[in-house]
Amino acid sequence: MAKPPDCSHCQKQATIHLTQIVNNEIKKLDFCEDCPHQKGVTDPAGFSLADLLSAGEGSTAPLERDHGVCPSCGFSPKNFKKLGRLGCPDCYESLGSFIEPMLAKMHRGTQHAGKVPDALVSRIRHAREIKETEEALEAAIASENYEEAAKLRDELKALQSTSESANFSHG
Amino acid sequence: MQIQPLIDGKSELTHAAEPPQEVVISTRVRLARNIQGHPFPGWAKTAQRRDVLTACEQAIASLAQMQKSAVLEIENLSDLEKQVLVERHLISRELSAHGVGAGVVVSPDQAVAIMINEEDHLRIQVLRSGYHFKDVWDCIDAIDSSLEQKLDFAFSEDIGYLTACPTNVGTGLRASVMMHLPGLVLAGQMEKVVRAVNQLGMVVRGLFGEGSDASGSLFQISNQQTLGESEADILRRLGSVIETIKEQEINARLRLVENDPSKLADKIGRAYGILQHGHVLSSSEAMNFLSLIRLAVDLGLLPVEQRAQVDRLILECQPGHIQFAARENIDTEGRDIARARLMREETGQMPPLNFDKLAFS
């Protein structure tokens with residue numbers, strides 16, 4: 001059996017073999033484990049070898065930084081890794097960037113194609129309308145557009161008067 | 001005992017209106033539902049769980065379909081009562097492990113069970129003996145629609161009903177069929193079936209779901225995916241898988257009868273002998289022997305009326321039921337003796353096996 005090649009930079013045994021094509025010439029480099037880091041050898045087309053080697057360790061650490069924490073219940077993706085379940089219904093929206101890729105892998109599609117509870121949907125839309133009007137009203141007041149604010153306040157009152165209890169019972 | 005009236009009553013599993021079928025034992029559909037603005041049970045604090053329990057109990061109690069139901073709170077039940085409910089598939093093992101704030105509402109015929117604060121706020125379940133997706137779906141759909149008038153379910157127009165685990169989001173529907181597959185087990189083909197079913201996005205599990213064994217050749221086949229497909233499509237796809245497995249099971253039985261009838265007759269005969277005369281029987285032994293007696297009924301060796309009795313015994317031979325009938329906790333050895341006594345009494349009344357029905361070579 002042929003002797004394994006030595007590192008291009010020191011005399012230790014090479015375990016990393018890099019093939020680069022530079023100006024139509026194939027260059028083969030052999031490294032021991034230490035030299036690529038010390039010499040700053042990187043793959044010019046993409047990630048550095050150091051990044052590649054450490055990708056596994058660092059992949060779970062920045063979960064909160066990347067996806068945030070649910071403001072409704074304080075649940076974070078780290079909790080999901082531990083419990084395998086979410087904190088509250090709002091997590092689907094607040095941690096959407098964390099959950100959506102999972103859904104795509106788990107299911108046959110990503111869009112609900114089943115039963116739609118009509119009364120519930122109209123309640124959801126109603127609540128959304130109230131929230132949007134409230135936000136518009138705040139913005140109008142902040143920009144001292146009082147004519148618009150008065151109009152929005154009347155709209156909000158009308159919406160709220162048709163609103164049902166947002167709690168448990170709709171009996 | 002709080003659950004005594006329930007167990008004494010006539011239930012869908014023990015006293016179904018129509019005779020049990022050959023391969024499919026029962027059909028079950030469950031819907032996972034949660035209430036908007038409340039943390040899921042696994043993340044909620046005790047007081048929040050209690051609030052949800054009270055609100056759900058009230059909403060369920062007002063349903064026309066759930067009049068005269070038993071309302072049971074898990075913390076008030078003994079370990080034995082919980083075990084009996086698990087064995088009847090009225091509560092899950094997970095719910096029985098939860099203490100405070102968990103409950104179940106069970107209809108008098110035990111066809112409907114609504115678990116509160118299991119993994120989700122509500123797990124509505126409808127069960128029927130035999131193979132009946134349409135009836136079961138119509139029933140659960142009506143209950144769900146009535147509950148929706150009273151409770152603000154967490155729902156998104158994009159991804160449907162929101163559930164604690166993303167694997168249930170969308171329809172929140174899990175449909176499962178309990179199948180008796182001794183032919184495929186004896187022919188050593190179950191592994192092949194499990195692989196094929198998994199490839200179609202469906203799951204095969206033992207009698208008590210995930211991680212349970214398949215004593216008595218009983219298997220649950222259910223859908224795995226809940227988002228991106230309508231309820232009707234999920235049930236249709238699962239239905240076609242069930243039909244195929246049923247066909248494979250019947251073919252496997254025919255091959256067993258054709259290829260080695262003496263071996264099959266011997267297995268059934270020995271099972272019958274031990275059930276009628278044994279004095280110590282573990283629950284998995286009893287299940288496996290009862291499975292062979294059910295097969296004997298299907299093959300015509302015993303009158304078809306015996307099938308209902310076998311199905312009842314499959315339920316009653318389980319550890320919780322044996323102790324519940326004895327009105328006390330009994331250790332494993334005592335249970336094995338009590339179980340053997342029950343089997344002697346019950347199978348002793350059955351007619352002898354008519355082996356002429358098997359085509360001997």
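Residues numbered from 1 in each chain as written. Chains lettered and ligands numbered in written order. Predicted model: local features only at pLDDT ≥ 70, side-chain atom pairs only at ≥ 80, totals over all residues. Heavy atoms only, no water.

Draft legend 1. How the structure looks around the overall build of chain B. Looking only at helices and strands, chain B features 13 helices and 10 strands. Over its C-alpha atoms chain B spans a radius of gyration of 21 Å, differing by no more than 12% from the 21 Å that the globule rule assigns to 361 residues. If you line up chain B on its principal axes, its C-alpha atoms span 70 × 45 × 30 Å. Here chain B holds 361 residues, and 60% of them are scored as buried. Of all intrachain contacts in chain B linking residues separated by at least 6 positions in sequence, the fraction that spans at least 24 positions is 73%. (Helix = DSSP H or I, 4+ residues; strand = E, 2+ residues; numbered from the N terminus. Rg over C-alpha atoms; globule rule 2.2 N^0.38 Å. Buried < 20%, exposed > 50% of the residue type's maximum accessible area, 1.4 Å probe, protein only. Contact = heavy atoms within 4.5 Å.)

Draft legend 2. Looking closely at the overall build of chain A. What chain A contains, in helices and strands, is eight helices and two strands. Taken from the N to the C terminus, the helices and strands of chain A come in the order β-β-α-α-α-α-α-α-α-α. Evaluated residue by residue, chain A yields a buried proportion of 31% over its 171 residues. Intrachain contacts of chain A at a sequence separation of at least 6 include 24% that bridge at least 24 residues. Counting every atom, chain A has about 11,600 Å² of accessible surface; 51% of that belongs to carbon and sulfur. (Areas by Shrake-Rupley, 256 points an atom, 1.4 Å probe, with all protein chains shown as cover.)

Draft legend 3. Structural view of the packing of aromatic side chains. All names here are of chain B. As enumerated under the stated definition, the model contains four aromatic pairs over all chains in all. Between Phe 155 and Tyr 161, the aromatic rings sit 4.9 Å apart at their centres with planes inclined by 70°, giving edge-to-face as the arrangement. Accessibility assignment for this pair places Phe 155 and Tyr 161 in one class, buried. Above the face of the Tyr 161 ring, Arg 33 is positioned so that its terminal group lies 3.4 Å from the ring centre. (Phe/Tyr/Trp six-rings, centres within 6.5 Å; stacked < 30°, edge-to-face > 60°. Lys NZ or Arg CZ within 6 Å of the ring centre and 35° of its normal.)

Draft legend 4. Representation of the nonpolar core within the structure. Residues and elements named next belong to chain B. Ranked by internal contacts, the top residues of the largest apolar core, which has 52 residues, are Ile 114, Leu 122, Leu 147, Met 179, Ile 221 and Ile 245. For this core, the leading source of residues is helix H8 (residues 231-259), giving seven residues. Setting aside its immediate chain neighbours within four residues, Ile 114 contacts Ile 60, Met 66, Gly 103, Val 104, Val 105, Leu 122, Arg 123, Ile 124, Ile 143 and Leu 147. (Core = buried A, V, L, I, M, F, W, Y, C linked by side-chain atoms within 4.5 Å.)

Draft legend 5. Quick look at the sheet that holds strand S1 (residues 24-33) of chain B. Residue and element names in this part refer to chain B. Judged by pairing direction, the sheet is antiparallel, and its eight strands sit side by side in the order S2-S3-S4-S5-S1-S8-S10-S9 without closing on themselves. Pairing within the sheet leaves two strands with one partner each, and these edge strands are strand S2 (70-73) and strand S9 (202-205). Adjacent strand axes in the sheet meet at a mean angle of 20° when their direction is disregarded. Bridge analysis of strand S4 (residues 112-116) against strand S5 (residues 122-129) gives five bridges, and the strand direction is antiparallel. If you follow Ile 114 over to S5, its bridge partner there is Ile 124. In the packing of helix H5 (residues 133-148) onto the sheet, the strands contacted are S1, S4, S5 and strand S8 (173-180), and the crossing angle to S5 comes to about 150°. Along the sheet, helix H7 (residues 190-199) contacts S9 and strand S10 (218-223); its crossing angle with S9, the most-contacted strand, is approximately 150°. (Pairing = 2+ DSSP bridges. Axes fitted to C-alpha atoms, helices over the stretch in contact; angles between N-to-C directions.)

Draft legend 6. Structural view of the interface of chain A and chain B. Between chain A and chain B, the contact holds 41 residues from the first and 45 residues from the second. With both sides pooled, the region where chain A packs onto chain B buries about 3,600 Å², and carbon together with sulfur makes up 58% of that total. There are seven salt bridges connecting chain A and chain B. Of the charged contacts, one joins Lys 115 of chain A and Asp 141 of chain B as a salt bridge, the two residues approaching to 2.6 Å between their closest N and O atoms. Counting across the interface, chain A meets chain B through 22 residue pairs in polar contact (both at pLDDT 80 or more). Where the side of chain A that touches chain B is concerned, the elements lending two or more residues are helix H4 (77-83), helix H6 (96-106) and helix H7 (118-142) of chain A. Top element by residues in the side of chain A that touches chain B is H7 of chain A. It accounts for seven residues. Grouping the amino acids of the side of chain A that touches chain B by side-chain chemistry returns 19 nonpolar, 14 polar and eight charged. (Buried area = accessible area lost by both parts, 1.4 Å probe. Salt bridge = Lys/Arg side-chain N within 4 Å of Asp/Glu carboxyl O. Polar contact = N/O pair within 3.5 Å; in protein donor to acceptor, adjacent residues only side chain to side chain. Nonpolar A, V, L, I, M, F, W, Y, C, P; charged D, E, K, R; others polar.)

Draft legend 7. A look at the side chain of Gln 309 of chain B. Considering the arrangement of structural elements, one finds Gln 309 of chain B in helix H11 (residues 306-316). Contact partners of Gln 309 of chain B, with chain neighbours within four places excluded, come to Glu 346 and Met 350 of chain B.

Draft legend 8. Fine view of the environment of Met 178 of chain B. Residue and element names in this part refer to chain B. Mapped onto the elements of the fold, Met 178 is located in strand S8. The exposure class of Met 178 is buried, given its relative accessible area of 7%. Taking the C-alpha atoms as reference, Met 178 lies 8.7 Å from Val 23; in sequence the two are 155 residues apart.

Draft legend 9. Up close: the environment of Gln 58 of chain B. Note that Gln 58 of chain B resides in helix H2 (residues 46-61). Between the alpha carbons of Gln 58 of chain B and Lys 150 of chain B there is a distance of 9.4 Å; along the sequence they are 92 residues apart.

Draft legend 10. Region of interest: the side chain of Glu 229 of chain B. Mapped onto the fold, Glu 229 of chain B is located in the loop between S10 and H8. At 2.6 Å, the side chain of Glu 229 of chain B and the side chain of Arg 237 of chain B are in polar contact. Residues in contact with Glu 229 of chain B, not counting those within four places in the same chain, are Arg 108, Ala 113 and Gly 114 of chain A together with Thr 171, Ile 234 and Arg 237 of chain B.

Draft legend 11. Broad picture of unusual backbone geometry. Residues and elements named next belong to chain B. Its identity as a non-glycine residue notwithstanding, His 89 has a phi of 60°, on the positive side. Within the secondary structure, His 89 sits in the loop between helix H3 (79-87) and helix H4 (93-97). Here His 89 falls in the buried class, since its relative accessible area comes to 11%. Positive phi, close to 55°, is recorded for Ser 217, a residue that is not glycine. You can see Ser 217 is positioned in the loop between S9 and S10. The exposure class of Ser 217 is buried, given its relative accessible area of 9%.

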